Amino acid sequence: MASTRAKPTLPLLLALVALVIPGPGDAQVSIHPREAFLPQGGSMQVNCSSSCKEDLSLGLETQWLKDELESGPNWKLFELSEIGEDSSPLCFENCGTMQSSASATITVYSFPERVELRPLPAWQQVGKDLTLRCHVDGGAPQTQLSVVLLRGEEILSRQPVDGHPKDPKEITFTVLASRGDHGANFSCRTELDLRPQGLALFSNVSEARHLRTFDLPATIPKLDTPDLLEVGTQQKLFCSLEGLFPASEARIYLELGGRMPTQESTNSSDSVSATALVEVTEEFDRTLPLRCVLELADQILETQRTLTVYNFSAPVLTLSQLEVSEGSQVTVKCEAHSGSKVVLLSGAPPGPPTLQVQFTLNASPEDHKRRFFCSAALEVAGKFLSKNQTLELHVLYGPRLDETDCLGNWTWQEGSQQTLKCQAWGNPSPKMTCRRKADGALLPIGVVKSVKREMNGTYECHAFSSHGNITRNVYLTVQYHNQNNWTIIILVPVLVTVGLVMAASYVYNRQRKIRIYKLQKAQEEAIKLKGQAPPP
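Everything quoted here is computed from the prediction, not taken from an experiment.

Chemist: Before we move on, can you summarise the pairing of strand 24 (residues 251-256) with the specific residues and values?
Modeler: The buried count for strand 24 comes to five of six residues, which makes it a mostly enclosed element. As paired elements, strand 24 and strand 27 (residues 287-296) share six bridges and run antiparallel to each other. Each bridged residue has a counterpart across the sheet, and for Leu 254 the counterpart in strand 27 is Cys 292.

Okay, structure coming up:
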């Protein structure tokens, strides 16, 4: 096959030291250059020379295309082209009967043809190891080729590339998935460092892969709903789960009896919930399975419960009359619907359990506003339920006015403030007046601001309503003092005081006179004694 001659497109990096192999006598063969570093598919010139003086045969052994460019008596210049990999071309000579050779080292560099990050899992659980695989095709020399794992622009790890340059390679990295990795972009980057050879650092980045992480709590969804559903009511079904991530991408829903009721779901930072309002009708089965299902990533968490549907009507409580006059007969009746176990009626005489209880009473004032209590019980799924009804009886009766409601005797001090407590009771509430028997003067009921002596007397308190009247006498005594008595009371102490003062003055003056008299007598005696004394 004819070869084509082409000039090198890249400069050759040559080491100008020739490898010398001893030959016959002082003959020797050499190759130039001894070392070369060039891109894959490149070309280079190789000079083979010898010092042989005898019959010389000189050539170049190589696996690449070669052209003999020039030659001389003891040298030849070859061009090698389309050099695809590292190799060692060999210059050889036949000098007479002796043979010798010299070899060179060719190092080929190439950029990776392809770098790819293998597809990531659809979801990765937080706290679990994630293995990322970078696939690399080509790239040489291997000793200067490495693969870098990137999260966005952040370098997570770097590994060298080993193996034959022609073989595809898979470099694996292991990272611990976290919530912060959710939504992050991961990629692989190859780096061929040719700076030691005077070139640059060449890199190639794969297409980024998007990672989604998730985290689930150890618990299951929590159902917050009663186990019993009563026909004719509206029940709230609620289900929730906390501590999951990302809550915004979770789906939660309720199923009742294999059907999905109308519901609303709510997603917050780390919790989700579903709420449904259900109208319980007689069309429901007696038992209904309730499911709460949460879906996140490829995980499903589920909670189940069986609900019991029941129909329980309140008992019927009746009074033959809700408002009666005193002495009338009233029939109280409590009746439960079928299905109830027993009914109870307050005030009824004891007896065997039955679904209907009644009794009759003669209405008295003590029965006014009496409340009757009717209760029915039903057992559902091992639980006892009860419903109640109450009614209040109103009894109409005439006024009542006794000693406790209105005292018969009152004693007040003139000028004081008093309260006349005299109030009749009855239904309807009676009106009341208190008038003095002597002249019909009205005595105010309630607070009396100032008691006067003119209020003294016997009063007739009269209570009346549409159902009768009653009268009670009240005796009011007002204590007061006569004005003349007050004058005497005041004068007596004054006179006593004046008398005491006068008596004290008399005693004092008498004693004073006695002391003066005694003093005078003593002076006279002293003068007499002085006159009788002998002269000195």
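Let's pick the thread back up.
Chemist: Describe the environment of His 481, and please don't skip the residues or the numbers.
Modeler: With respect to the helices, strands and loops of the structure, His 481 is situated in the loop between strand 42 (468-479) and helix 1 (483-531). You can call His 481 exposed: its relative accessible area is 51%. As for His 481 and Glu 414, which are separated by 67 residues in sequence, their C-alpha atoms are 9.0 Å apart.

Chemist: Lay out the nonpolar core in plain terms, naming residues and giving numbers.
Modeler: With 28 residues, the main nonpolar core has Leu 237, Leu 244, Leu 254, Val 272 and Leu 294 as its most contacted residues. Broken down by secondary-structure element, the contributors of at least two residues to this core are strand 23 (234-242), strand 24, strand 26 (271-279), strand 27 and strand 28 (299-310). If you tally residues by element for this core, the top one is strand 27, at five residues.

Chemist: Outline the sheet that holds strand 11 (residues 114-117), listing residues and values.
Modeler: Pairing is antiparallel in the open sheet, where three strands are placed in the order 11-13-16. Each edge of the open sheet carries a strand with a single partner, namely strand 11 and strand 16 (169-176). Here the average twist between neighbouring strands, direction ignored, is 20°.

Chemist: Kindly report on the state of the cysteines, identifying the contributing residues and their values.
Modeler: As enumerated under the stated definition, the model contains seven disulfides in all. There is a disulfide in this structure between Cys 48 and Cys 91, and the S-S distance comes to 1.7 Å. Given an S-S torsion of about -65°, the disulfide between Cys 48 and Cys 91 has left-handed geometry. Of the two residues, Cys 48 is situated in strand 4 (residues 42-50) and Cys 91 in strand 8 (residues 90-95); the sequence distance between them amounts to 43 residues. Each disulfide pairs two cysteine sulfurs, and for Cys 334 the partner residue is Cys 374, the sulfurs being separated by 1.7 Å. For the disulfide bridge between Cys 334 and Cys 374, the dihedral angle about the S-S bond is near 50°, and by the sign convention the bridge is right-handed. One end of the pair, Cys 334, is in strand 31 (residues 329-335); the other, Cys 374, is in strand 34 (residues 370-380), and 40 residues separate them in sequence. Cys 374 matches Cys 334 in its accessibility class, with the two residues each being buried.

Here is what the cut-offs are and how they apply
- Residues numbered from 1 in each chain as written.
- Predicted model: local features only at pLDDT ≥ 70, side-chain atom pairs only at ≥ 80, totals over all residues.
- Heavy atoms only, no water.
- Buried < 20%, exposed > 50% of the residue type's maximum accessible area, 1.4 Å probe, protein only.
- Helix = DSSP H or I, 4+ residues; strand = E, 2+ residues; numbered from the N terminus.
- Pairing = 2+ DSSP bridges.
- Core = buried A, V, L, I, M, F, W, Y, C linked by side-chain atoms within 4.5 Å.
- Axes fitted to C-alpha atoms, helices over the stretch in contact; angles between N-to-C directions.
- Disulfide = S-S within 2.5 Å.

Don't take any of this as a statement about function, it's just geometry.
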